[in-house]
Amino acid sequence: MVRIIAKNISKYFKKGRVIALDKINLTIENGERFGILGPSGAGKTTLMRIIAGLEVPSEGELYFDDKLVAKDGKLIVPPEDRRIGMVFQTWALYPNLTAYENIAFPLTNTKISKEEIRKRVEEIAKILDITHVLNHYPRELSGGQQQRVALARALVKNPSLLLLDEPFSNLDARMRDSARALVKEVQSRLGVTLLIVSHDPADIFAIADRVGVLVKGKLVQVGPPEEIYNKPISIEVASLIGEINEIEGKVTKEGIIIGSFKIPVNINTDKAIIGIRPEDIKISKEPIKEEEWILIGKGRVKVIGYQGGLFRITVSPLDSEEEIVTYLDHPIKAGEEILVYVKKGSIKIFT
Ligand code: ATP
């Protein structure tokens, strides 16, 4: 286990014309599962490579526990001395090596004896439940077994830190679920500090106890997953995590007005963006009597589609082209007039 501390880390490419990371301050605690979420180009891979020692920060300091490992463009502790295990997108194994040889690979050409290597491979294979397939070649393994072998290879050196770079993006949905569960289980068994980076919030939320959101090289929000989800600091962060209706309208004393919709929010500025998640909107032909749903007005169904077992419905106010999205478990006709409700306390205000 190791504690990672980044102090004011910036990384520039192309003589400073590209700012990949901009003054990152971050502490990842001993044994913590930390996730970095960010869109493409945000700087995720760059940050991971700096932590791995494959890149040096242009400015700032990186510590592993109390030890300074890189500072202001200088590499102080090289990657091989950082006790890191890595898993990449592909989970790729060497096809001409057996599972055993794949796992042992990081230990070959080291001073470790053959006997010790065998002991370590067998130990980690036992933890990952792949002892019975150690003599198999990758092509003879199921997808799940291949993942376990790849994870065993990342862990065989008994790393203090496990780095996962978009580890699930090339897996199909079923494999992804099992890989997420496997990583989480093995991490808690071994207690290794874990850093995962992904653009997919589902990956991050499945694994991490704490999340840092990286946007254009800046760490804009750090907190537990539920805090990031429920209290995103900006509409950009909110939309990274999941679909959200972004609404800009005339602000009055009674709230925001968009055509026939009156959304009851208390805003003191004359300009604000509000965000409402699709699940916090309900449409109905009949009035809804439950107190937690607040009527915002009449609307008209514009488009319906089918997605993930639900009907995706686009609704507009009667006299405006603005659109909001919600989901229903049954179909409804386009053109139909309906009542639109918003869940109490669910509206996010960004001023
Ligand atoms: P993705 O999810 O697409 O992999 P990312 O969040 O991992 O993106 P990075 O790969 O870290 O982002 O890139 C951050 C920025 O730095 C991008 O603008 C990228 O073009 C730039 N960049 C990264 N590596 C280099 C390099 N070696 N030379 C020049 N620019 C680079």
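All values derive from a computational prediction rather than experimental measurement.

### Remarks on the sheet that holds strand β5 (residues 67-71)
Read across the sheet, 5 strands follow the order β2-β1-β4-β5-β6 without closing on themselves; strand pairing throughout is antiparallel. Taken across any chain shown, the strands that pair with only one partner, and hence form the sheet edges, are β2 (18-28) and β6 (74-75).

### A short note on the pairing of strand β16 (residues 273-276)
Judged from the 4 bridges that link them, strand β12 (residues 245-248) and β16 form a sheet pairing that is antiparallel. The residue bridging E248 from the neighbouring strand is I273, located in β16. The pairing of β16 with strand β22 (residues 348-350) spans 3 bridges and is classified as antiparallel. Across the sheet, I274 pairs through a bridge with I349, a residue of β22.

### Brief notes about the site of the ligand
Close contacts around the ligand come from 13 residues, with F13, A20, S40, T45 and T46 the closest. Broken down by secondary-structure element, the contributors of at least two residues to the shell around the ligand are β2 and α1 (44-52). Per-element tally for the shell around the ligand: the top contributor is α1, with 3 residues. Among the residues forming the shell around the ligand, the class breakdown is 4 nonpolar, 7 polar and 2 charged.

### Some remarks on helix α5 (residues 173-190)
Taking 1.5 Å as the rise per residue, α5 with 18 residues should run 26 Å; its terminal C-alpha atoms sit 26 Å apart, in good agreement. Those residues of α5 lying buried are A179, V183, V186 and Q187. With its buried residues spanning 100° around the axis, α5 presents them on a single face. Among the exposed residues of α5, those oriented more than 90 degrees off its buried face are A173, R174, A181, E185, S188 and R189. On its buried side, α5 packs onto β3 (33-37), α3 (114-127), α4 (143-155), β8 (161-165), β9 (193-198) and α6 (201-207). Looking one or two residues past α5, G191 carries a phi angle of roughly 70°, positive in sign.

### Quick notes on α4
Helix length check: α4, at 13 residues, gives a terminal C-alpha distance of 19 Å against a target of 18 Å (1.5 Å per residue), a fit within 8%. Where burial is concerned, most of α4 is hidden: 10 out of the 13 residues are buried. For α4, every residue scored as buried is listed here: Q146, Q147, R148, V149, A150, L151, A152, R153, A154 and L155. Tucked inside the fold, the buried residues of α4 contact β7 (84-87), α2 (99-104), α3, β8 and α5.

### Comments concerning the packing of α4 against α5
Interaxial distance between α4 and α5 falls to 11 Å at its minimum, and their mutual angle equals 30°. Classified by chirality, the crossing of α5 by α4 is right-handed. Contact with α4, carried on its side by G143, G144, Q147, R148, L151 and L155, involves M175, S178, A179, L182, V183, V186 and L190 of α5 and no other residues of that element. Considered class by class, the residues forming the contact of α4 with α5 number 8 nonpolar, 4 polar and 1 charged.

### Section: the nonpolar core
The biggest cluster of nonpolar side chains holds 86 residues, and the ones touching the most others in it are I103, L151, A152 and L195. The contact partners of A152, leaving out residues within four places of it in the chain, are I103, I124, A125, L128 and I130.

### Overview of the sheet that holds β22
Taken together, 3 strands build an open sheet; the order of strands is β12-β16-β22 and the sheet is antiparallel. Looking at which strands have only one partner, the edges of the open sheet turn out to be β12 and β22. The average angle at which neighbouring strand axes cross in this sheet is 25°, direction not considered.

### Regarding the UniProt feature "domain: ABC transporter" (unreviewed entry) in the chain
Residues annotated in UniProt with the feature "domain: ABC transporter" (unreviewed entry) correspond here to residues 4-241. The annotated region residues 4-241 carries 34% helix and 28% strand content, and the separation between its end C-alpha atoms amounts to 25 Å.

### Section: the pairing of strand β20 (residues 324-328)
Pairing analysis gives 5 bridges linking strand β19 (residues 310-317) to β20, with the strands arranged antiparallel. Within β20, the position partnered with R312 by the bridge is Y327. In this structure, the hairpin formed by β19 and β20 is closed by a connection of 6 residues.

Reading guide: rules and limits
- Residues numbered from 1 in each chain as written.
- Predicted model: local features only at pLDDT ≥ 70, side-chain atom pairs only at ≥ 80, totals over all residues.
- Pairing = 2+ DSSP bridges.
- Helix = DSSP H or I, 4+ residues; strand = E, 2+ residues; numbered from the N terminus.
- Near = placed C-beta within 6 Å.
- Nonpolar A, V, L, I, M, F, W, Y, C, P; charged D, E, K, R; others polar.
- Expected span 1.5 Å × (residues − 1).
- Buried ≥ 20, exposed ≤ 12 C-beta atoms within 10 Å, placed from the backbone.
- Arc of directions from axis to C-beta.
- Contact = placed C-beta atoms within 7 Å.
- Axes fitted to C-alpha atoms, helices over the stretch in contact; angles between N-to-C directions.
- Left-handed = near helix turned anticlockwise from the far one by under 90°.
- Core = buried A, V, L, I, M, F, W, Y, C linked by C-beta atoms within 7 Å.
- UniProt positions renumbered as here; feature names shortened; annotations may be inferred.

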